[in-house]
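Structural overview
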Amino acid sequence: MNRLTRRIGDASARRPWVTIAVWVAALALVLPLAGLVGGSFVDDLVAPGSQSEKAMELLEDRFPEASGGSAVAVFAVPEGERIDRHRPAVEAAVDRIAEVEHVATVSDPFTVGSVSPDGRISYVQVAFDVAPMEVKPEKIDALNDAIESVRGDGVVAELGGDAVFINAETPTSGAEAAGLLSALVILVVAFGTIVAALVPIALALVAVGAGLGSIVLLAHATDVSTAAPTIGAMIGLGVGIDYALFIVARCRENRSAGQDNSTALSNAMSSSGAAVLFAGGTVVVAMSALALTGLGFLTSIGLSTSLVVLFAVATALTLLPALLSLLGDRIHKARRHRWLRMRRAKKSENPEQTAWWRFAHRVSGRPWPYLLAGSAVLVTLAIPALRMETGFPDAGNDATSTTHRRAYDLLAEGFGPGFNAPLLVVADLRGPGVDAAGIPELARRVADDPGIASIGEPRFSTAGDTVVLPVLPTTAPADAATSDTLERIRGIIPDNVAVSGLTAMTDDLTRQLTDTLPVFIAAILVVSFLLLMLVFRSVAVPLKAAVMNLLSIGGAYGVVVAVFQWGWLGGLFNLHETMLIASPLPTIFFAVLFGLSMDYEVFLLSRVREEYDATGDPTESVARGMAVTGRVITSAALIMTVVFLSFVANPSPLVKMMGLGLATAIVLDATIVRMVLVPASMALLGRAAWWLPRPLDRRLPRIAVETVESGDAVESNESDDLPPPPEPTPAPTVRIS
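The sections below set out a description of the structure shown in this document. (Residues numbered from 1 in each chain as written. Predicted model: local features only at pLDDT ≥ 70, side-chain atom pairs only at ≥ 80, totals over all residues. Heavy atoms only, no water.)

Further remarks concern the overall build of the protein chain. The helix and strand tally for the protein chain stands at 23 helices and 11 strands. A globule of 737 residues ought to have a C-alpha radius of gyration of about 27 Å, and the protein chain, at 29 Å, matches this closely. In terms of overall dimensions, the protein chain has C-alpha extents of about 90 × 50 × 45 Å along its principal axes. Sorting the 737 residues of the protein chain into buried and exposed places 58% on the buried side. Of the contacts made within the protein chain by residues no fewer than 6 positions apart, 81% connect residues no fewer than 24 positions apart. Element-wise, carbon and sulfur atoms account for 61% of the exposed surface of the protein chain, whose accessible area totals about 28700 Å². (Helix = DSSP H or I, 4+ residues; strand = E, 2+ residues; numbered from the N terminus. Rg over C-alpha atoms; globule rule 2.2 N^0.38 Å. Buried < 20%, exposed > 50% of the residue type's maximum accessible area, 1.4 Å probe, protein only. Contact = heavy atoms within 4.5 Å. Areas by Shrake-Rupley, 256 points an atom, 1.4 Å probe, with all protein chains shown as cover.)

Quick look at the pattern of salt bridges now. Overall, the coordinates contain 29 salt bridges when judged by the stated rule. Two residues, Asp 449 and Arg 488, come together in a salt bridge whose shortest N-O distance is 2.9 Å. With Asp 449 in the loop between α16 (439–447) and β7 (452–455) and Arg 488 in helix α17 (residues 480–492), this residue pair connects regions lying 39 residues apart in the sequence. Here Asp 449 falls in the buried class, since its relative accessible area comes to 11%. Note that Glu 487 and Arg 511 form a salt bridge whose closest N and O atoms lie 3.7 Å from each other. Residue Glu 487 is found in helix α17, and its partner Arg 511 is found in helix α18 (residues 502–536); the two are separated by 24 residues along the sequence. The exposure class assigned to Glu 487 is partly exposed, which follows from its relative accessible area of 48%. (Salt bridge = Lys/Arg side-chain N within 4 Å of Asp/Glu carboxyl O.)

Look at any regular strand and the pattern is simple: side chains alternate between the two faces of the sheet. Among the 6 residues of strand β6 (residues 423–428), 5 are classified as buried, and the element is accordingly described as predominantly covered. Where β6 meets strand β9 (residues 466–473), 6 bridges bridge the pair, whose relative direction is antiparallel. Residue pairing in the sheet places Leu 423 in a bridge with Val 471 of β9. Bridging between β6 and strand β10 (residues 497–500) involves 4 bridges; their strand directions are antiparallel. Note that in β10 the partner of Leu 424 across the bridge is Ser 500. (Pairing = 2+ DSSP bridges.)

Spatially, 4 strands are ordered β2-β3-β1-β4 in an open sheet, and the strand pairing comes out antiparallel. Because the sheet does not close on itself, it has two edges, and the strands there are β2 (103–106) and β4 (156–160). Put simply, the sheet's adjacent strands are angled 25° from each other on average, direction ignored. Bridge analysis of strand β1 (residues 70–76) against strand β3 (residues 121–128) gives 7 bridges, and the strand direction is antiparallel. From the neighbouring strand, Ala 73 faces β3, where its bridge partner is Val 124. Packed on one face of the sheet, helix α4 (residues 87–98) meets β1, β2 and β3 and runs near 155° to β2. Helix α5 (residues 137–151) contacts β1, β2, β3 and β4 of the sheet and is inclined by roughly 165° relative to β4. (Axes fitted to C-alpha atoms, helices over the stretch in contact; angles between N-to-C directions.)

A cluster of nonpolar residues, Leu 29, Leu 33, Leu 36 and Val 37, forms a patch on the protein surface that exposes about 390 Å² of accessible area. Note on placement: Leu 33 falls in helix α2 (residues 16–37). Residue Leu 33 is classed as partly exposed on the basis of its relative accessible area of 35%. (Patch = residues over 30% accessible without salt bridge, like charges linked within 9 Å, V, L, I, M, F, W, Y side chains within 5 Å.)

In this section: unusual backbone geometry. Apart from glycine, the bulk of residues carry a negative phi angle, and the bulk of peptide bonds sit in the trans form. Phi is positive for Leu 569, close to 55°, though the residue is something other than glycine. Of note, Leu 569 is situated in the loop between α19 (540–565) and β11 (581–582). Positive phi, close to 60°, is recorded for Asn 574, a residue that is not glycine. Position of Asn 574 relative to the elements: it lies in the loop between α19 and β11. We classify Asn 574 as exposed; its relative accessible area is 51%.

Our focus in this paragraph is the packing of aromatic side chains. Working definition: an aromatic ring pair is given by the centre-to-centre distance plus the angle between the planes. Evaluation of the coordinates by the stated rule reveals 13 aromatic pairs. With 6.2 Å between their ring centres and 75° between their planes, Phe 297 and Phe 392 make a pair best called edge-to-face. Taken together, the residues span a long stretch of sequence, with Phe 297 in helix α11 (residues 296–327) and Phe 392 in the loop between β5 (390–391) and α15 (403–415) at a distance of 95 residues. Taking the relative accessible area as the measure of exposure, Phe 297 reaches 5% and is therefore buried. One aromatic cluster is present, formed by Tyr 123, Phe 415 and Phe 419 through successive ring pairs. (Phe/Tyr/Trp six-rings, centres within 6.5 Å; stacked < 30°, edge-to-face > 60°.)

These figures come from the coordinates and say nothing about function on their own.
The structure is reproduced here in structure tokens:
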């Protein structure tokens, strides 16, 4: 693997302008093409094999006019007024709504039941002739334009309903730019030079730009979730900066050890470049594993994020060496005060001068107390995760700045919370069970359930073989009581009857995610164990990594539950109410966090393995590995943390959860896991940490990311303050057999 990355880096460095031109051409092709033929984002919220899917397929086949998407136009006036005083303006808006393309029917806003008991709020049901996921954002904009004139008449007019909520574009806060600025500051402090700091930022932006363009093109060929671009950008910025940071830091080490620029870069691509390739591959494997859930929107998120990560790896292995070869000594020279240079010179001459080395030996000297204390902290943070309650986010969880959230609140105020959670009871009259004559009795049995507020008149298909009963529960979509009501209704209906609607669909999604999560976690653990065993030729190291990653991910789960579900410190994150944890997040969290934590595992342990091969001392190799990588990994983790935290300012609760969970896991992984648990566990394992049964050693292919080059050392006072490793003995060349 290291030979491959060395060759790629050398080729890019020899022809820097050609490499840069290729990337410019790629961006010039991908971005305009995405704008011309790229698709729009939709959320495929169907759980394969579920009752809701069967009901929707039945409606699409036999009763298409009942399977289309729906929206609700809500009109309201202040307290003490009545909406019928504005009847002409509202009816004019309804006429304009009816003219919007794909609008099949529009209800009368002044019929019985469409006006709230106090006369303040009325609504219009808008039915489309296409499925909810196929209602384009342009049609939603057209509906909004149709009701705009009513707002000028002193009436509050908002748009809600399934089609509007599903196809709403995810808002942004602009705080992402602040995250990039913070990352730049951290890089300047770490490298001491603006040039070296700007390179990782530039590469991350190129990777994210190319990745997002590719995601838009992917949306042309298949359904891609609306959350995919945000998650892809979030992960792409983090790994893009980190991958470039690790290679630049290693190149500066080699340069300060006396190697010329080309040799330093070539050796950095051989060692850190191989680690980047492996780490990026691990993230791609983890994200691609989302396809194991069988859910289309999660599969699209996994594939989209993998695209961005692949571009991050590609820029690090090609564009980065091209830029470094052009920059030459400007990437290495840093302007620092004389006292700081002298202080760092002493540290670089002797690793015992670094806090990382001293702390690693302190932990290794008393491993059990540190191991137990660190584990106790992570377990304590993870305790709230045992009480995690998941559900699919509804419009009531979105920011009040969105029209569908305001419509949701108005409808709940005027007609009860269950109005926002409509269910469809669908009967296939061709199958055995209830027949047309039994529909009134079925409706009565459903209406008798205490969780049902009302049931509408049955609607028969043209052929008379399918009937739909619209049902309104008494509770909100994300309320656990609504799920209980749904389960009771499904328990009393005959075999030829199914319950669907957006609320039922999302409830089925939550159930499937809960059922598949253990399989998903087990698959990732097995694959990552095998990969790490191949790389590090060890059984204990990958097992230790899996356990510690589970602890850090559990801690992140617990923090998210405490903040969002329990409301702890909610005001700090601009949260004004508690909410269920979005059911897709535990699965997405695990994929992303496991992949990212493996990044740091690979970069740290590859250096530890280098030192172990050179010294044969398991304790000293950990201390020196931490001393060499501690500052760089900490900087990388800090960068990723501020990037993720910038997304906490996003108005979307889903994005907030993602940002906080990812930032928390990175902090825990870079501090408690890497600084405490790794040296403590490695000290307890001793030489057994690198043990691999001989039969396995003979049969497994040899794939490694660590290589010690002759003359490799760390950077002196003119660059970074990483301490030098001891005089190494050549490690075995990396090969794949």
